[in-house]
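In case you want the letters, here they are:
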Amino acid sequence: MSDNRKIYVTQPSLPPLEEFTEYLKQIWESKVLTNNGPFHRQFEKELAGYLGVKYLSLFTNGTLALVIALQALRVTGEVITTPFSFVATTHSLWWNNIKPVFVDIEPEYFTLDPEKIEAAITPQTTAILPVHVYGNPCKVGEIQKIADTYGLKIIYDAAHAFGVRIKENSILNFGDLSILSFHATKSFQYN
Ligand SMILES: Cc1ncc(COP(=O)(O)O)c(C=O)c1O
């Protein structure tokens, strides 16, 4: 006998649809679906408050946010990053004509090993792109020290780290910039 039941990697847990219909009505009536509309702005404002960051911008997805982050900080040449991530981390470099230089992860939390970063720095290195893997924060203090010593930018791929804090400080406040993702496989906590 065959069993056709699907086993999902994740499924969203959604509130009742009725909770959204009032908002949908407002959107339908306003006919504003693009170009920084009122709900877009409200979402940015409330998200910034919830996440404890001063500045926040919405993008189509995390991949595009990474691509634009590198351009916004004028990153070029070589960037030190980790292969232990979703492929978008490396794609964002490649699509910007930047050479990814892979450094190994540390065994406990699977994040970029700060002790191995310095050996990978060359005159072409302009930035470090670490990933907070499975919500585990990178060793942000050690990475910042290296970046300060060599004058490097830090962009954190925080796609797995929505709502993560170090003590009371948002993980998004470390480095020069961080990106998040709302992909279906990411988990969110909202109280
Ligand atoms: C570590 C990491 N970086 C970047 C991305 C890209 O995010 P998105 O799927 O929103 O483009 C993902 C997930 O998809 C990810 O897991």
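A brief report on the enclosed structure follows. The shown structure was predicted, so the numbers you read here are calculated from the model rather than taken from an experiment. (Residues numbered from 1 in each chain as written. Predicted model: local features only at pLDDT ≥ 70, side-chain atom pairs only at ≥ 80, totals over all residues. Heavy atoms only, no water.)

## A word on the overall build of the protein
So, point 1. Along the protein, the regular secondary structure elements total five helices and seven strands.
So, point 2. Secondary structure elements of the protein occur, N-terminal to C-terminal, as α-α-α-β-α-β-β-α-β-β-β-β.
So, point 3. Principal-axis analysis of the C-alpha atoms places the extent of the protein at approximately 55 × 55 × 35 Å.
So, point 4. Expressed as a percentage of the 191 residues in the protein, the buried residues total 36%.
So, point 5. In the protein, 56% of the contacts between residues at least 6 apart in sequence involve partners at least 24 apart.
So, point 6. When the accessible surface of the protein is totalled, it reaches about 12800 Å², and 56% of it is carbon and sulfur.
So, point 7. Both charge centroids of the protein, one from 16 positive and one from 19 negative side chains, sit 5 Å from each other. (Helix = DSSP H or I, 4+ residues; strand = E, 2+ residues; numbered from the N terminus. Buried < 20%, exposed > 50% of the residue type's maximum accessible area, 1.4 Å probe, protein only. Contact = heavy atoms within 4.5 Å. Areas by Shrake-Rupley, 256 points an atom, 1.4 Å probe, with all protein chains shown as cover. Lys, Arg positive; Asp, Glu negative; His and termini not counted. Charge placed at Lys NZ, Arg CZ, Asp CG, Glu CD.)

## Section: the site of the ligand
So, point 1. Neighbouring the ligand are 14 residues, the closest being Gly62, Thr63, Asp157, Ser181 and Lys186.
So, point 2. At 2.6 Å, a side-chain N or O of Thr63 approaches an oxygen atom of the ligand.
So, point 3. In this structure, an oxygen atom belonging to the ligand sits 2.7 Å away from a side-chain N or O atom of Ser181.
So, point 4. Protein chains bury 92% of the 380 Å² of accessible surface belonging to the ligand in isolation.
So, point 5. By residue class, the composition of the shell around the ligand is four nonpolar, eight polar and two charged. (Near = heavy atom within 4 Å. Polar contact = N/O pair within 3.5 Å; in protein donor to acceptor, adjacent residues only side chain to side chain. Nonpolar A, V, L, I, M, F, W, Y, C, P; charged D, E, K, R; others polar.)

## Describing helix H3 (residues 62-72)
So, point 1. Three or more residues of H3 are buried, namely Gly62, Ala65, Leu66, Val67, Ala69 and Leu70.
So, point 2. Buried positions along H3 lie against helix H4 (88-94), strand E3 (125-129), strand E4 (153-157) and strand E7 (177-179).
So, point 3. The N-cap residue of H3 is Asn61: its side-chain oxygen and the backbone nitrogen of Thr63 are 3.1 Å apart.
So, point 4. A positive backbone phi angle near 55 degrees is found at Arg74, which sits one or two residues after H3.

## Points about the pattern of salt bridges
Pairing between side chains of opposite charge can happen when their charged atoms approach one another.
So, point 1. Tallying each qualifying case throughout the model produces two salt bridges.
So, point 2. Lys25 is the salt-bridge partner of Glu22, the closest N and O atoms lying 3.8 Å from each other. Placement of both Glu22 and Lys25 in helix H1 (residues 18-30) is noted, with a separation of three residues, approximately one turn of the helix.
So, point 3. A relative accessible area of 49% means that Lys25 is categorised as partly exposed.
So, point 4. Between Asp113 and Lys116 there is a salt bridge whose closest N-O contact spans 3.4 Å.
So, point 5. Judged by relative accessible area, which is 40%, Lys116 ranks as partly exposed. (Salt bridge = Lys/Arg side-chain N within 4 Å of Asp/Glu carboxyl O.)

## Quick notes on a nonpolar patch on the surface
So, point 1. A cluster of nonpolar side chains, contributed by Leu17, Phe20, Tyr23, Leu24 and Trp28, occupies part of the molecular surface with about 590 Å² of accessible area.
So, point 2. Secondary-structure assignment places Leu17 in the segment before H1.
So, point 3. With relative accessibility at 58%, the residue Leu17 sits in the exposed group. (Patch = residues over 30% accessible without salt bridge, like charges linked within 9 Å, V, L, I, M, F, W, Y side chains within 5 Å.)

## What about the packing of aromatic side chains?
So, point 1. Overall, the coordinates contain seven aromatic pairs when judged by the stated rule.
So, point 2. Judged by centre distance (5.9 Å) and plane angle (90 degrees), the ring pair of Tyr23 and Phe39 falls under edge-to-face. Here Tyr23 is found in helix H1, whereas its partner Phe39 is found in helix H2 (residues 38-51), with 16 residues between them in sequence.
So, point 3. A residue is classified by how much of its surface remains accessible, and Tyr23, at 44% relative accessible area, is partly exposed.
So, point 4. On the accessibility criterion, Phe39 (28% relative accessible area) is partly exposed.
So, point 5. With centroids separated by 5.9 Å and ring planes inclined at 25 degrees, the aromatic side chains of Tyr50 and Phe162 adopt a geometry described as stacked. With Tyr50 in helix H2 and Phe162 in the loop between E4 and strand E5 (165-166), this pair connects stretches of sequence that are 112 residues apart.
So, point 6. Residue classification places Tyr50 among the partly exposed residues on the basis of a relative accessible area of 23%.
So, point 7. A network of ring pairs unites the aromatic residues Phe43, Tyr50, Phe162 and Phe182 as a single cluster. (Phe/Tyr/Trp six-rings, centres within 6.5 Å; stacked < 30°, edge-to-face > 60°.)

It is worth stressing that arrangement in space is one thing and function is another; only the former is reported here.
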